[in-house]
Amino acid sequence: MDRSWMFKNRTTDAFEIGVNDFLRQAVAHAGIGNRIYCPCLKCGNKALYKVHEVKGHIFYNGFDTNYQRWIWHGESHLGSTVNNLGVTSITVPPLMQEDDDDDIFDMMQDVEEEFVDRPDQFEKLLSDAEKPLYDGCPNNYTKLSALVRLYNLKAANGWSDKSFSDLLVAISDMLPRPNELHTSMYQVKKTMSSLGMGYEKIHACRSDCVLYRKEYKDLECCPVCGVSRWKLEKNKDMNKKAVPAKVIWYIPPIPRFRRLFRNDAHAKNLTWHATERIKDGMLRHPADAPQWKTIDIMYPEFGTESRNLRLGLAADGMNPHSNQSTSYSTWPVILVNYNLPPHLCMKRKFVMLTMLISGPKQPGNDIDVFLAPLIEDLKLLWEEGVECFDGYRNETFKLRATLMWTINDFPAYGNLSGYSVKGYKACPICGNDTCSERLKHRKKICFMGHRRFLPQAHQFRKQKKNFNGQPEHEKVLQPLTGVQILQSVSDLHVEFGKGKKNLSVDGAWKKKSIFFDLPYWKDLYVRHNLDVMHIEKNVCESLIGTLLNIPGKTKDGEKTRLDMAEMGIRESLKPITESGRRTFLPPACYVLSRSEKRQFCSTISEIKVPMGYSSNVRNLVQMKDLRLIKLKSHDCHTLMQQLLPVAIRGLLPKQVRTVIVRLCYFFNAICSKVIDPIKIDELQEEVVVTLCLLEKYFPPAFFDVMVHLIVHLPREIKLCGPVWLRWMYPMERYMKILKGYVRNRSRPEGCIIECYVVEEAVEFCSEYLESTPTIGIPKSLESRQNVRMGFKVTPVEYKMLCEAHFYVLQNTPEVDCYRLEHLTRGEKWLQAEHRRCFIRWVRQRIETELAKPEHCITQTLRWLANEPRRDVIRYSGYGINGYTFHTCEHDLRSTTQNSGVTVEGESLHVSSAKDKNPVYANMSYYGVIEDIWELNYTSFKVAVFRCKWVNNKTGVKVDENGFTLVDLNKEGDSSDQFIMASQAKQVFYVSNPNDGRWSVVLTSKPKLYDSGDVCDNIEETPSFSQRLPECEDDQNEDVSYVREDCEGEYIEVDNSKMNKRKKFTS
């Protein structure tokens, strides 16, 4: 189009005709509401107006003559047009068309509309995307694509800024001169941050009273407490360069949601819950749970649009310096997107950091002040929605979102909900109905009374002596609904800020949570999740500490015994003072003897687990003091899920051991990735019985609020879905990543935000560079499958080779028709004959078929019939199906156990030697890998494991508690040693503490990161038992609480303290 009219006088006809032609083209590519950017000298394409308004601006202010390529009105930097949504359809130059994988110009097309207010930056980015790294650069690397790939490596491997700058200098020196590669981290960040979505720095009162925004934006002092907004110099009453006293970093989520939908792959995944989710009544995803469905029913206009987002909010404190001795707490606020498939919604790429609340003190109850900007955006997304372009459907729609719940530990639960999680009413679900009692001597509050959750006719309700000395007639009240809670706190007036004292409602509710500003919040069944991770960790530490009587960790002791005497229960455990010099504590049924402690610690220290199963559990045991130390959250998870029930086998009285196993079984069951809703009710009934049994045997001090919260976990699973999508493990891992961003210890929050924005830009760019893996999604283990270790080629005996080859033929689908043809007679003796001559028969059969002019023999069948080569490749290690297998010889010199294997096989069963009609049935076989072979069939290879199998008749059994035990010394049929590697599942064996001949079988867990089923380190652990151990219906209340088979404990009396006490009381 002729542009000469732009330079003519505005009063001429040529200028008017040119303006009209320009506006006609602009209207054809107008965005939403038929508004276009105004190119007048005053607006400079920075504001949208209607067409007649733009025309008036041009005639009044003049047309910007520097705007000669009309990229905002239908043209592109590369000479193309813009569609009706303002997204450029770029014509790629011939240089870039040679590389279809690195479609960097598609990326520029998708972000072009984000640079409306920054045209200069867009010009520079486009230039970097077009400019080759150097003249004649192979693979069409440009300046921008090279930076993206290099920074991707830096972020994925945690390189420091200095090392990355040194690497850039070294690479630049290696490349031909001149080249366009940046040589410093500062230049790279400056380039990449322009592709980030940006953030807002909001000043806050140092006492957490207000944020300096909206009406407080220009204030110099806090309107509540009067404290200065700025930091002051020491010993001087003057401002220090106007440095704010406290800052929060807010990263608006709405632009990020829009960018997410512009990517066609992400836009498709965001409707997974409606289009691809399995709907069979099982709980696999929050979309299967009642809470999700309730939103759809109550707000049908929201539920009918599958692209509307369902979010979770996680908040917790972290020490950015990774130094526990430093008291510093920074609070990230994170959004989780539940529209995505389960294997993506908790991954680093899709976990969205929205806010960072600076330290050094935690916000506490004042966190509502800081959440205000986020709540406003969430409210906007619910009430009005925002215009969003769907790259998968290629259309614009109104995007809305709802916040489903929060994810947090228990103290943060109180901060976010406004409920006081301390004191007599610490349980937020029971509320005023919480059953609690203060222990006089330990000066702690215990939470017992779980018999209230039992059916009215249950025998435990009538028992007195074994519990608190009273029968139980109370019923459990239903938890308060959101509407009831809102009514009770609606008139509660709260002044935010440190040092402010506010009255609470009924001693429990401290404030009306800011989340109630969201119109739908009151309608949710569960608004704040109980975190299973922290509950499991606290329960495990209390249990281990009590069993081993670890000082500072045990719930037993002299004060505990005095409290039980004060309550009138378990008189036999009352402490006995001897001659005023020492006190004897009778051995309680829940405490291990010294020999049992040694056996327990020895069992834990000798356990060898598979590679990647957990940390080295040997490092947790301190044999000198007979205790476990340095237990992390995942260590507790591993113990409760599988190891603890095995370690206590044969220890403690049977009834105490059974209740501990039942508790571990419960935690294992609720952590499953797929849950049957019917079984949740059974779990609820069983866990109540388990807690009552714990009350029956364990001291009252054991029952802190974390133990009590166990009773409410099945309810939340039934309403919200699987635990592994609502616990803190992914958040804790993500916070560790955020800590790694800190480069300047004096500005930790600033480092985190800057690195996050740059990494966000790199992640975005990586989506358009197919050869560059994304940082935020773990690399698929498919690329690490068939990992070989210990390679060597050796000849093997022909007989053994034939045995391996026979197994391959038996388990290859293409050979099935020939196998069935060879087994038509069905006689018992035919099995041995089939094994003896099938290899020769199938070879002859295939040769006969090949001799025919027309045959359907595949290449696989042809090479299988020719048998493998005599020289096989042998390995000491092999990776397949998400497992890493080693030979038993390798395990002998390793700290891990990777040789255990199990396989489901079809077994021939006969009733007697004269039985001529055998029956086939599937059985589980257990063994260890002795050798790993790779059979070479010329055109392909097949991996097989040669195993030593346990005799299933005499070497495998299931005990009364559901544990599978094997005797590894009882070898099975040696004529059937081989299995295909693809069939193998990994197990590991733990020596039975009370009978060393037998070993307990524990199932390992595959680690797969692919587009389908994903198993993370802590998502699901197979059960240690085939069934829940049954508790004995003990009608007799005369339970023995004192152990007769072990020694008690003597406590020496400190005479100096006694003298002080006597002096004080006289």
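Source: prediction; values computed, not measured.

**With respect to the overall build of the protein**
Part 1: Scanning the protein from terminus to terminus reveals 33 helices and 34 strands.
Part 2: Expressed as a percentage of its 1066 residues, the buried residues of the protein come to 54%.

**Description of the sheet that holds strand S34 (residues 1049-1052)**
Part 1: The strand order S17-S18-S34 describes an open sheet built from 3 strands, whose pairing is antiparallel. Unpaired on one side and paired on the other, strand S17 (576-578) and S34 mark the two borders of the sheet. Direction aside, neighbouring strands of the sheet carry axes that sit 30° apart on average.
Part 2: Both S17 and strand S18 (residues 582-585) contribute to a ladder of 3 bridges, which runs antiparallel. For Ile 576, the partnering residue across the bridge sits in S18 and is Phe 584.

**Examining empty space enclosed by the protein**
Gaps left between atoms are located by rolling a probe of water-molecule size over the structure's atoms.
Part 1: By the definition in use, this model includes 4 cavities of 30 Å³ or more.
Part 2: Roughly 410 Å³ of internal volume is contained in the largest cavity.
Part 3: As for the largest cavity, its lining consists of 21 residues, and the residues nearest its centre are Leu 260, Lys 349, Tyr 756, Glu 760 and Glu 763.
Part 4: In terms of residue count, the dominant contributor to the lining of the largest cavity is helix H27 (residues 748-766) (5 residues).
Part 5: A class-by-class count of the residues in the lining of the largest cavity yields 11 nonpolar, 2 polar and 8 charged.

**What about helix H17 (residues 482-489)?**
Note that an α-helix has 3.6 residues per turn; residues three or four places apart therefore point the same way.
Part 1: Here H17 has its buried residues at Gly 482, Ile 485 and Val 489. Projection of H17 onto a plane perpendicular to its axis shows the buried side chains occupying an angular sector of 60°, all on one side.

**A closer look at the packing of aromatic side chains**
Part 1: This model, assessed by the stated rule, comprises 28 aromatic pairs.
Part 2: Note on Tyr 299 and Trp 382: the rings are 4.9 Å apart at their centroids and 85° apart in plane angle, and the pair reads as edge-to-face. Of this pair, Tyr 299 sits in the loop between helix H12 (290-298) and helix H13 (300-303) while Trp 382 sits in helix H15 (residues 367-383), and the two are 83 residues apart along the sequence. Pair check on accessibility: Tyr 299 and Trp 382 agree, each one buried.
Part 3: With a centroid separation of 5.0 Å and an interplanar angle of 25°, the aromatic rings of Phe 515 and Trp 521 are classed as stacked.
Part 4: Accessibility expressed as a relative area gives 0% for Phe 515, which makes it buried.
Part 5: Members of the aromatic cluster, each reached through a chain of ring pairs, are Trp 5, Phe 15, Phe 22, Phe 59 and Phe 63.
Part 6: Cation over ring: Arg 307 sits above Phe 397, and NZ or CZ is 4.0 Å from the ring centre.
Part 7: Cation over ring: Arg 649 sits above Phe 963, and NZ or CZ is 4.9 Å from the ring centre.

**A few points about the nonpolar core**
Part 1: If you look at the biggest cluster of nonpolar residues, it comprises 199 residues, and the most contacted ones within it are Leu 403, Phe 515, Phe 600, Ile 660, Phe 667 and Phe 698.
Part 2: Other than its neighbours up to four places away in sequence, Phe 667 contacts Ile 535, Glu 536, Val 539, Met 640, Gln 641, Ile 710 and Leu 713.
Part 3: One finds Ile 846, Ala 865, Tyr 883 and Trp 933 within the second-largest nonpolar core, a separate group that totals 43 residues.

**Focus: a positive patch on the surface**
Part 1: On the surface, Arg 438, Lys 443, Lys 444 and Lys 559 cluster together into a positively charged patch.
Part 2: Positionally, Arg 438 belongs in strand S15 (residues 437-439).

**Things to note about the confidence of the model for the protein**
Predicted coordinates in areas of low pLDDT are best not read in detail.
Part 1: Of the residues in the protein, 86% reach a pLDDT of 70 or more, and the chain-wide mean stands at 83.
Part 2: Low confidence marks residues 77-102, where pLDDT is under 50. Its contacts with residues over four positions away, or in another chain, come to 64 contacts.
Part 3: Across residues 1009-1019, confidence stays below pLDDT 50; counting only partners more than four residues off in sequence or on other chains, it has 43 contacts.

**Brief notes about helix H1 (residues 13-28)**
Part 1: Here H1 is 16 residues long and its end C-alpha atoms lie 23 Å apart, about the 22 Å a rise of 1.5 Å per residue gives.
Part 2: Along H1, the residues classified as buried are Phe 15, Gly 18, Val 19, Phe 22, Leu 23, Gln 25 and Ala 26. The buried residues of H1 occupy an angular sector of 160° when the element is viewed end-on, so they sit on one face. When the buried face of H1 is taken as reference, the exposed residues oriented beyond 90 degrees from it are Asp 13, Ile 17, Arg 24 and Ala 28.
Part 3: Buried residues along H1 sit against strand S1 (35-37) and helix H2 (51-61).

**Digging into the pattern of salt bridges**
Part 1: Per the stated rule, a full pass over the model turns up 39 salt bridges.
Part 2: For Lys 498, the salt bridge goes to Asp 366, with nearest N and O atoms at 3.5 Å. Separated by 132 residues along the polypeptide, Lys 498 in the loop between H17 and helix H18 (532-547) and Asp 366 in the loop between strand S11 (352-357) and H15 bring together distant segments of the chain.
Part 3: Note on Lys 498: relative accessible area 34%, which makes it partly exposed.
Part 4: Here Arg 662 ties to Glu 686 by a salt bridge, and the two come within 2.6 Å at their closest N and O atoms. With a gap of 24 residues between them, Arg 662 in helix H22 (residues 654-670) and Glu 686 in helix H23 (residues 677-697) connect regions that are remote in the sequence.

**Description of the environment of Gly 423**
Part 1: Take Gly 423: it is sitting in the loop between helix H16 (410-417) and S15.
Part 2: Judged by relative accessible area, Gly 423 falls into the partly exposed class, the value being 32%.
Part 3: Separated by 15 residues in the primary sequence, Gly 423 and Arg 438 place their C-alpha atoms 9.3 Å from one another.
Part 4: Other than its neighbours up to four places away in sequence, Gly 423 contacts Ile 445 and Phe 447.

About the cut-offs
Residues numbered from 1 in each chain as written. Predicted model: local features only at pLDDT ≥ 70, side-chain atom pairs only at ≥ 80, totals over all residues. Heavy atoms only, no water. Helix = DSSP H or I, 4+ residues; strand = E, 2+ residues; numbered from the N terminus. Buried < 20%, exposed > 50% of the residue type's maximum accessible area, 1.4 Å probe, protein only. Pairing = 2+ DSSP bridges. Axes fitted to C-alpha atoms, helices over the stretch in contact; angles between N-to-C directions. 1 Å grid on protein atoms, 1.4 Å probe; cavity = no way out; pocket = protein on both sides within 12 Å on 5 of 7 lines; lining within 4 Å. Points joined across faces, edges and corners; volume = space filled by probe spheres on them. Nonpolar A, V, L, I, M, F, W, Y, C, P; charged D, E, K, R; others polar. Arc of directions from axis to C-beta. Phe/Tyr/Trp six-rings, centres within 6.5 Å; stacked < 30°, edge-to-face > 60°. Lys NZ or Arg CZ within 6 Å of the ring centre and 35° of its normal. Core = buried A, V, L, I, M, F, W, Y, C linked by side-chain atoms within 4.5 Å. Contact = heavy atoms within 4.5 Å. Patch = residues over 30% accessible without salt bridge, like charges linked within 9 Å, V, L, I, M, F, W, Y side chains within 5 Å. Areas by Shrake-Rupley, 256 points an atom, 1.4 Å probe, with all protein chains shown as cover. Salt bridge = Lys/Arg side-chain N within 4 Å of Asp/Glu carboxyl O. Lys, Arg positive; Asp, Glu negative; His and termini not counted. Charge placed at Lys NZ, Arg CZ, Asp CG, Glu CD. pLDDT = per-residue confidence, 0-100. Expected span 1.5 Å × (residues − 1).

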